[in-house]
Amino acid sequence: QKDYDKAAQNYIHALNLYTNEEENGNEAERAKLCSQIGDACMDSKKFNRALPYYSRGLKLNKSLKGEQHAETATAYSKIGLGYEKQEEYPKALENYLKALEIRKAVHENNHEETAASYESIGKVYDKQTNLGEAIDYYSQAFNILKSLRGANDSKVKALSTAIFDLRCRENKNNPQVQPPILNKP
C-alpha cells in the first residue's frame, strides 16, 4: 500500500514539474504521467482518485493523437475499469464501448486488445446479471483469442469456462447446455 502511495506522490510531483514548465512538447509526457498516477491509485484501491488522472490523460491523448488511436482506447478502458471497480456499471460500459469501437477501427476485430474490450464489457454485463449480453461479449473475446492463441491457451479455456457457467446460470434447468467447443479449428 505504501509503495503505491509513494509512487503516486512521485508521479504527481513529476506531473507538477511538467505542468509548471512551459507547455511546449510536454503533453505526451504529461499524458503518460497521468496514466501512471491513475494506475498507482488503482493499485492502492483508490479508484475515485484514479479517475480524474485517467480523464486528464484521455484529454491529453485525444488532443495529441486524436480519437481513433490505440492509446486513446487504452485511456477509455482504464476509465471504464475505474468505474467498474466503483460499481458504476453504466459509466463503465460507456467507456468500455468507446474503447471497443476505437480498437475495432484501429486493430480490426482480430486483435488481443479488441478481445480485451469484449471481455471487459462481458464482465460488466455479468455483474449486472445481464447474462445474454455477457455471453455474447465473452463469446466474441473467446473467438478472437482462440483464433490467435489456440484452444489450449489458459485465457481461452478460462473464457470457455466463464461462458459455460453463464449458460448454466441462464438455463438452470437445461442439462443440454455445453461449453464452447475447444477442439475444432
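Here is a short report on the structure shown in this document. As the structure is a prediction and not an experimental result, all values here were calculated from the model.

Calculation notes
Residues numbered from 1 in each chain as written. Predicted model: local features only at pLDDT ≥ 70, side-chain atom pairs only at ≥ 80, totals over all residues. Heavy atoms only, no water. Helix = DSSP H or I, 4+ residues; strand = E, 2+ residues; numbered from the N terminus. Buried < 20%, exposed > 50% of the residue type's maximum accessible area, 1.4 Å probe, protein only. Contact = heavy atoms within 4.5 Å. Axes fitted to C-alpha atoms, helices over the stretch in contact; angles between N-to-C directions. Parallel < 35°, antiparallel > 145°, perpendicular 65-115°, else oblique. Left-handed = near helix turned anticlockwise from the far one by under 90°. Nonpolar A, V, L, I, M, F, W, Y, C, P; charged D, E, K, R; others polar. Expected span 1.5 Å × (residues − 1). Salt bridge = Lys/Arg side-chain N within 4 Å of Asp/Glu carboxyl O. Phe/Tyr/Trp six-rings, centres within 6.5 Å; stacked < 30°, edge-to-face > 60°.

**Observations regarding the overall build of the protein**
(1) Moving on: Helix and strand content of the protein: eight helices and zero strands.
(2) Moving on: Each helix and strand of the protein, ordered N terminal to C terminal, gives the series α-α-α-α-α-α-α-α.
(3) Moving on: Within the protein, buried positions represent 39% of all 185 residues.
(4) Moving on: For the protein, long-range pairs separated by at least 24 residues make up 52% of all intrachain contacts whose partners lie at least 6 apart in sequence.

**A few points about the packing of helix H6 (residues 112–127) against helix H7 (residues 131–149)**
(1) Moving on: Relative to each other, H6 and H7 sit at 155°, their axes nearing to 7 Å. In terms of orientation, H6 and H7 fall into the roughly antiparallel class. As H6 packs across H7, the resulting crossing turns out to be left-handed. Two secondary-structure elements touch here, H6 through Glu112, Thr114, Ala115, Tyr118, Glu119, Ile121, Gly122, Lys123, Tyr125 and Asp126 and H7 through Leu131, Glu133, Ala134, Tyr137, Tyr138, Gln140, Ala141, Ile144, Leu145, Leu148 and Arg149.
(2) Moving on: Across the contact of H6 with H7, the residue classes tally to 12 nonpolar, three polar and six charged.

**Notes on H7**
The α-helix advances 3.6 residues per turn, and as a result positions three or four apart in sequence lie on the same side.
(1) Moving on: Between its first and last C-alpha atoms H7 spans 26 Å; for 19 residues at 1.5 Å apiece the expected length is 27 Å, and the two agree.
(2) Moving on: Among the residues of H7, Leu131, Ala134, Ile135, Tyr137, Tyr138, Ser139, Ala141, Phe142, Ile144, Leu145 and Lys146 are the ones counted as buried.
(3) Moving on: Structurally, H7 contributes buried residues whose contacts are with helix H5 (89–107), H6 and helix H8 (154–170).
(4) Moving on: Looking one or two places after H7, you find Gly150, whose phi comes out positive at around 95°.

**Topic: the packing of H5 against H6**
Axes are the key here: two packed helices are described by the angle between their axes and the distance separating the axes.
(1) Moving on: For the pair H5 and H6, interaxial distance at closest approach is 9 Å and the crossing angle is 160°. When the axis of H5 is compared with that of H6, the two are roughly antiparallel. Crossing geometry of H5 relative to H6 is assigned as left-handed. Contacts between H5 and H6 involve Tyr89, Ala92, Leu93, Tyr96, Leu97, Ala99, Leu100, Arg103, Lys104 and His107 on the former and, on the latter, Glu113, Thr114, Ser117, Tyr118, Ser120, Ile121, Val124, Tyr125 and Lys127.
(2) Moving on: Along the lines of polarity and charge, the residues of the contact of H5 with H6 split into 11 nonpolar, four polar and four charged.

**Re the pattern of salt bridges**
(1) Moving on: Under the criterion given, the structure shown has 12 salt bridges.
(2) Moving on: In this structure, the salt-bridge partner of Lys78 is Asp39, at a minimum N-O distance of 3.0 Å. Highlighted residues: Lys78 in helix H4 (residues 70–85) and Asp39 in helix H2 (residues 27–43), separated in sequence by 39 residues.
(3) Moving on: Among the salt bridges present, the one from Lys62 reaches Glu67, with a minimum N-O distance of 3.4 Å.
(4) Moving on: Three or more residues joined by partner-sharing salt bridges are found here, namely Glu112, Arg149 and Asp153.

**A look at the packing of aromatic side chains**
(1) Moving on: Per the stated rule, a full pass over the model turns up two aromatic pairs.
(2) Moving on: With a centroid separation of 6.0 Å and an interplanar angle of 40°, the aromatic rings of Tyr118 and Tyr137 are classed as tilted. Separated by 19 residues along the polypeptide, Tyr118 in helix H6 and Tyr137 in helix H7 bring together distant segments of the chain.
(3) Moving on: Note on Tyr118: relative accessible area 6%, which makes it buried.
(4) Moving on: The exposure class of Tyr137 is buried, given its relative accessible area of 17%.
(5) Moving on: Among the aromatic residues, those joined into a cluster by ring pairs are Tyr118, Tyr125 and Tyr137.

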